Amino acid sequence: MDKAGILELIARSGLPEKVRLCLAGAVSRAEGSALKKTLKKDPAALLSGVGALLKAAAGILALPEESALFITGFNPNNAAPDRFEAALAELRAVVFLDAQGFGGLELVEQGRSRTADLAGTRDGRRCVFEVCRLKDTGGRAGAERLRAKYAKKIRQVKVSRKKCGGGLGGLVLVDGPLGFGPLAADPDLLALAAAAGPGKDGARGEHLCLLRGNGFAVWPEWGR
């Protein structure tokens, strides 16, 4: 579909105004992005997916749909596609963790010291998660990148776990936040998470969650 047609679909999508402006901006940018590519390939599916994600996340976070995307810290005045995708990744993590049995999910306001992005409860215990958008997690090189990302980002989770007295904690890595379908366990992602995530000597209660397309994996499984 040409640019004019995509912009018309965005305008008639029923999405919150600021979200429509972000999407229209991605289409109009000269440089390419995953968001622009997906909009050109199947704009109706992406707009429907963004709308469903906003509705689901807003319901979980008890926020208006027009506020859900921006509570992540995403600034519509700096609406570069990669920032928009990172905000969508946080909302995907919210929906994923809700489906995994975490309640009371909320986005954590960042102070002077960097801490985890999300907090919630599971089995009566406070839990915290850091969310990151990542690309190209397939193959051996992907495992090495994930291992390095995990080692770096889990430090923020450790700080947050200490503040809340323990509980589960982990890193949610979202590869391709533009996937919106129902998530299903993916054995290939599980093998990748096991290769990159906490090993036998890792702190108990720390987990690596991978989301890619409509697949997910959690390592180690909850409760371990």
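Residues numbered from 1 in each chain as written. Predicted model: local features only at pLDDT ≥ 70, side-chain atom pairs only at ≥ 80, totals over all residues. Heavy atoms only, no water.

Trainee: Give a detailed account of the packing of helix H1 (residues 3–11) against helix H4 (residues 43–61), specifying residues and quantitative values.
Mentor: A packed helix pair is summarised by two numbers, namely the angle formed by the two axes and the spacing between the axes. Taken N-terminus to C-terminus, the directions of H1 and H4 make an angle of 25°; their axes are 10 Å apart at the nearest point. The orientation of H1 relative to H4 falls into the category roughly parallel. Seen along the crossing, H1 lies across H4 with a hand that is right-handed. Along the contact surface, H1 presents Ile-6, Leu-9 and Ile-10, while H4 presents Pro-43, Ala-44 and Leu-47. Grouping the constituent residues of the contact of H1 with H4 by class yields six nonpolar, no polar and no charged. (Axes fitted to C-alpha atoms, helices over the stretch in contact; angles between N-to-C directions. Helix = DSSP H or I, 4+ residues; strand = E, 2+ residues; numbered from the N terminus. Parallel < 35°, antiparallel > 145°, perpendicular 65-115°, else oblique. Left-handed = near helix turned anticlockwise from the far one by under 90°. Contact = heavy atoms within 4.5 Å. Nonpolar A, V, L, I, M, F, W, Y, C, P; charged D, E, K, R; others polar.)

Trainee: Please set out the sheet that holds strand S7 (residues 215–219) residue by residue, giving values where relevant.
Mentor: Taking strand neighbours across the sheet as the criterion, the seven strands line up as S1-S2-S3-S4-S6-S7-S5 in an open arrangement whose pairing is mixed. Edge positions in the sheet fall to strand S1 (103–107) and strand S5 (184–185), since each has one partner strand and no second. In terms of strand pairing, S5 meets S7 through two bridges, oriented parallel. Following the sheet pairing, Ala-185 is matched in S7 by Phe-216. Contacting S5, strand S6 (206–212) and S7, helix H8 (residues 187–196) crosses the sheet at an angle of about 35° to S7. (Pairing = 2+ DSSP bridges.)

Taken by themselves, the reported measurements are silent on function.
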